[in-house]
Amino acid sequence: MKEIKKITVASPGTVANVVCGFDILGFALHEPADILTLTLTDQKGVTIINHDTYNLPTEPEKNCSGAALLALLKAVPENVGFIVESTKHIKPGSGIGSSAASAAGVVVAANYLLDNRFTNDELVNFATYGEQVASGSRHADNIAPCIFGGVTLIRSNSPLDIIPIPAPPMFVTVVHPQIEVKTSDARQILKTQVLLKDAVRQWGNVAGLIAGFMKHDYELISRSLEDYIVEPIRSILIPAFAEIKTKSMEQGALGGGISGSGPSVFMLSKDEETARKIDNAISEIYSKIGLNFHTYVTTINSEGVKIIEE
Ligand code: HSE
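The following refers to the structure shown. The model shown is predicted, which means the values in this text are computed figures rather than measured ones. (Residues numbered from 1 in each chain as written. Predicted model: local features only at pLDDT ≥ 70, side-chain atom pairs only at ≥ 80, totals over all residues. Heavy atoms only, no water.)

**Concerning the overall build of the protein chain**
Per the secondary structure count, the protein chain includes ten helices and eleven strands. Compactness check: the protein chain gives a C-alpha radius of gyration of 19 Å against a globular reference of 19 Å for 310 residues, within 12% of the reference. Taken along its principal axes, the extent of the C-alpha atoms in the protein chain is 55 × 40 × 35 Å. Residues classed as buried in the protein chain amount to 55% of the 310 residues present. (Helix = DSSP H or I, 4+ residues; strand = E, 2+ residues; numbered from the N terminus. Rg over C-alpha atoms; globule rule 2.2 N^0.38 Å. Buried < 20%, exposed > 50% of the residue type's maximum accessible area, 1.4 Å probe, protein only.)

Shown next, in the form of structure tokens:
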């Protein structure tokens, strides 16, 4: 085992679904990110210490970081455990991958303290147990980009088949209205069956979006950012969603929509100036209706979870 007993990582926010790819597409953001410090101990088990005001549970089985680490520890024969110190900057229930950042950050840090014995695919698998605590489902579309960085395609959730997708430089405007939407609730309202004609349009867009990313074809990316299945249902949970979309497109957005299960909304742009104009336009809408919100103008993070202190 390495001499290093303690490590601190920055675990980034992520945008899941990317409009048309419900549960199968996601990308990592440069901002915001959680800060997680892990200490390796010589006792099996996980201790959680929160350094923020979100009052997240400290029982490991009920905590995203804890559940992910308990899953990882099952695959570790040595008598070791971890102390997790968590400072969250990604608000729980924001739609920008708060639970995934907690779960993914700690398994990457733990792996480093255990001599990097697990593959990224194995780490994603452990971290999905943390996602399950938050949302009742082990989807990997936030966790995979958080660990791999960049844009990732989850071709299959079970068994896991993760494909990193190269993408051109893009700016991301994220607006987080200060209301909470629980992922479990936002999943429960979805229909369990879709019409074949909607499915055909949807998989055309998913294929178009992947091709657009890989060919660096911004026009193709733009016209593929359509969702006929999830957005029509979930958008009712997001204040002024239609107006946000219309105004963002008027400012030159390539497109965008609900980030993960919401309430955050994201828009993609080719350049920073457009991304900032979109930020201003959306801020104006929320200011007018008197809703508190937080915005980020950032870029796609190709690194994923990053070690910031050993
Ligand atoms: N794919 C997930 C959903 C992301 O939309 O429910 C949120 O965790």
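**Notes on the site of the ligand**
Taken together, A16, N17, F22, D23, H139, D141, N142, T183, R187, R234, G260 and S261 form the complete shell of residues around the ligand. The contact in question runs from an oxygen atom of the ligand to an N or O atom on the side chain of N17, over 2.8 Å. Measuring from an oxygen atom of the ligand, one finds a side-chain N or O atom of R234 at 2.7 Å. Relative to its unbound accessible area of 260 Å², the ligand is 96% covered by the protein chains. Among the cavities detected, the one that contains the ligand is the largest pocket. Looking at the shell around the ligand residue by residue, the class counts come to two nonpolar, six polar and four charged. Formed jointly, the shell around the ligand draws a minimum of three residues from each of two domains, domain 1 (6-166 + 301-309) and domain 2 (171-299). (Near = heavy atom within 4 Å. Polar contact = N/O pair within 3.5 Å; in protein donor to acceptor, adjacent residues only side chain to side chain. Areas by Shrake-Rupley, 256 points an atom, 1.4 Å probe, with all protein chains shown as cover. 1 Å grid on protein atoms, 1.4 Å probe; cavity = no way out; pocket = protein on both sides within 12 Å on 5 of 7 lines; lining within 4 Å. Sits in = over half its atoms within 2 Å of the grid points. Nonpolar A, V, L, I, M, F, W, Y, C, P; charged D, E, K, R; others polar. Domains from an automatic or database assignment.)

**Some thoughts on the state of the cysteines**
Here the structure, examined in full by the defined rule, presents zero disulfides. Looking at C64, it has no disulfide partner, and the nearest cysteine sulfur is the one in C146, 12 Å off. Judged by its relative accessible area of 0%, C146 is buried. (Disulfide = S-S within 2.5 Å.)

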